[in-house]
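Fold and geometry: a report
Each chain, written out:
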Amino acid sequence: MTPVSTSPRKSADERRESILEAALIEFADRGLHGTSTDDIARRAGISQPYLFRLFGTKKELFLAACARCMRETGDAFAEAAAGKGGDQALEAIGAAYVQMLEADPRRLRLQMHMYAACDDADVRKVARDGFGELYRLAAAASGASRARITRFFAKGMLINVLASMDVRNSSLGWAQDLLAGCREDD
């Protein structure tokens with residue numbers, strides 16, 4: 001008899017993380033209401049009932065994926081700003097964020113779906129909590145004024161919108177002007 005080769009079983013926490021990764025991909029493509037749990041389960045290599053056992057509802061899974069995305073963005077902010085202050089910290093945070101968006105644009109798309117779904121109180125709470133933490137991290141790391149932090153986040157949201165329209169390498173004059181303006185000092 002030939003021994004059956006099996007891969008080590010994943011713990012519930014490892015499985016949960018792989019489901020969140022699959023959810024990020026699927027929700028980034030189609031949002032909360034356009035994504036099926038069957039697609040997420042299939043991508044994660046699990047059954048739909050197991051997905052519901054771990055997360056309860058599709059909305060709970062969406063909330064967890066959004067919270068994870070915002071937490072990972074905050075981790076990138078904190079890592080980039082470590083040992084820096086003032087504008088140097090903000091520049092490092094901004095560069096890390098752009099690098100993160102370029103490396104995995106799905107994170108941006110998931111954030112945009114999250115903001116668009118803020119008519120739901122639970123989604124709104126996750127968005128507020130996550131964005132608030134990003135604000136606190138940037139403000140604490142930089143020590144910048146409220147006005148400077150506001151300009152930093154305003155520019156970041158403009159970058160999000162431009163990135164979501166994929167105009168970085170376009171020949172659209174207005175888009176190139178806005179992108180150039182984002183690279184200039186405040």
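So, here's what we can say about the structure. Predicted model, so just to flag it, every value in this text is computed and none were measured.

In this section: a nonpolar patch on the surface. Together, Val161, Met165, Leu172, Trp174 and Leu178 make up an exposed nonpolar region whose accessible area comes to about 430 Å². With respect to the helices and strands, leucine 178 occurs in helix 9 (residues 173-183). Taking relative accessible area as the criterion, leucine 178 reaches 35% and is therefore assigned partly exposed.

On to the packing of aromatic side chains, then. Centre distance and the angle of the planes are the two values used to describe a pair of aromatic rings. Per the counting criterion, the structure on display carries 6 aromatic pairs. Relative to phenylalanine 153, the ring of phenylalanine 131 lies with its centre 5.2 Å away and its plane at 55°, an arrangement referred to as tilted. Of this pair, phenylalanine 131 sits in helix 7 (residues 121-142) while phenylalanine 153 sits in helix 8 (residues 146-164), and the two are 22 residues apart along the sequence. What makes phenylalanine 131 partly exposed here is its relative accessible area of 26%. Note on phenylalanine 153: relative accessible area 12%, which makes it buried. For the ring pair tyrosine 135 and phenylalanine 153, a centre distance of 6.3 Å and an interplane angle of 40° mean the geometry is tilted. A residue pair is termed long-range when its members are at least 10 positions apart, and tyrosine 135 in helix 7 and phenylalanine 153 in helix 8 qualify at 18 residues. Taken together through their ring pairs, the aromatic side chains of Tyr115, Phe131, Tyr135, Phe152 and Phe153 make up a single cluster.

Attention now moves to the side chain of serine 18. Of note, serine 18 is situated in helix 1 (residues 12-34). Ignoring any residue separated from it by four or fewer positions in sequence, one finds serine 18 in contact with Lys10 and Ala44.

Our focus in this paragraph is unusual backbone geometry. The phi dihedral of aspartate 166 falls on the positive side, at around 55°, and the residue is not glycine. You can see aspartate 166 is positioned in the loop between helix 8 and helix 9.

Before going further, it helps to examine the packing of helix 7 against helix 8. Where helix 7 contacts helix 8, the two axes come as close as 10 Å, and the packing angle between them is 130°. Taken as axis vectors, helix 7 and helix 8 run oblique relative to one another. Crossing handedness for the pair helix 7 and helix 8: right-handed. Only Ile149, Phe152, Phe153 and Met157 of helix 8 make contact with helix 7, whose side of the interface consists of Phe131, Leu134, Tyr135, Ala138, Ala139 and Ser142. Looking at the contact of helix 7 with helix 8 residue by residue, the class counts come to 9 nonpolar, 1 polar and no charged.

Now for the layout of surface pockets. Its boundaries defined by the atoms lining it, the largest pocket holds a volume of some 1,000 Å³. Taken together, 41 residues make up the lining of the largest pocket; nearest its centre are Gly94, Tyr97, Val98, Ile159 and Cys182. Of all elements in the fold, only helix 4 (58-81), helix 5 (86-103), helix 6 (106-116), helix 7, helix 8 and helix 9 reach the threshold of two or more residues within the lining of the largest pocket. A per-element tally of the lining of the largest pocket places helix 8 first, with 12 residues.

Residues of helix 2 (residues 37-44) that are buried: Thr37, Ile40, Ala41 and Ala44. For helix 2, the buried positions fall inside an angular range of 95° around the axis, keeping them on one side. Check the buried side of helix 2 and you find it contacts helix 1, helix 3 (48-55) and helix 4. Positive phi appears at glycine 45, one or two residues downstream of helix 2, with a value of about 75°.

What follows deals with the pattern of salt bridges. Counted according to the given criterion, the structure contains 18 salt bridges. Note that aspartate 129 and lysine 125 form a salt bridge whose closest N and O atoms lie 2.6 Å from each other. In this pair, aspartate 129 and lysine 125 both sit in helix 7, 4 residues apart, roughly one turn of the helix. One network of salt bridges, with partners in common, ties together Glu17, Glu21, Arg68, Glu72, Asp104, Arg106 and Arg107.

Scoring rules and cut-offs
Residues numbered from 1 in each chain as written. Predicted model: local features only at pLDDT ≥ 70, side-chain atom pairs only at ≥ 80, totals over all residues. Heavy atoms only, no water. Patch = residues over 30% accessible without salt bridge, like charges linked within 9 Å, V, L, I, M, F, W, Y side chains within 5 Å. Areas by Shrake-Rupley, 256 points an atom, 1.4 Å probe, with all protein chains shown as cover. Salt bridge = Lys/Arg side-chain N within 4 Å of Asp/Glu carboxyl O. Helix = DSSP H or I, 4+ residues; strand = E, 2+ residues; numbered from the N terminus. Buried < 20%, exposed > 50% of the residue type's maximum accessible area, 1.4 Å probe, protein only. Phe/Tyr/Trp six-rings, centres within 6.5 Å; stacked < 30°, edge-to-face > 60°. Contact = heavy atoms within 4.5 Å. Axes fitted to C-alpha atoms, helices over the stretch in contact; angles between N-to-C directions. Parallel < 35°, antiparallel > 145°, perpendicular 65-115°, else oblique. Left-handed = near helix turned anticlockwise from the far one by under 90°. Nonpolar A, V, L, I, M, F, W, Y, C, P; charged D, E, K, R; others polar. 1 Å grid on protein atoms, 1.4 Å probe; cavity = no way out; pocket = protein on both sides within 12 Å on 5 of 7 lines; lining within 4 Å. Points joined across faces, edges and corners; volume = space filled by probe spheres on them. Arc of directions from axis to C-beta.

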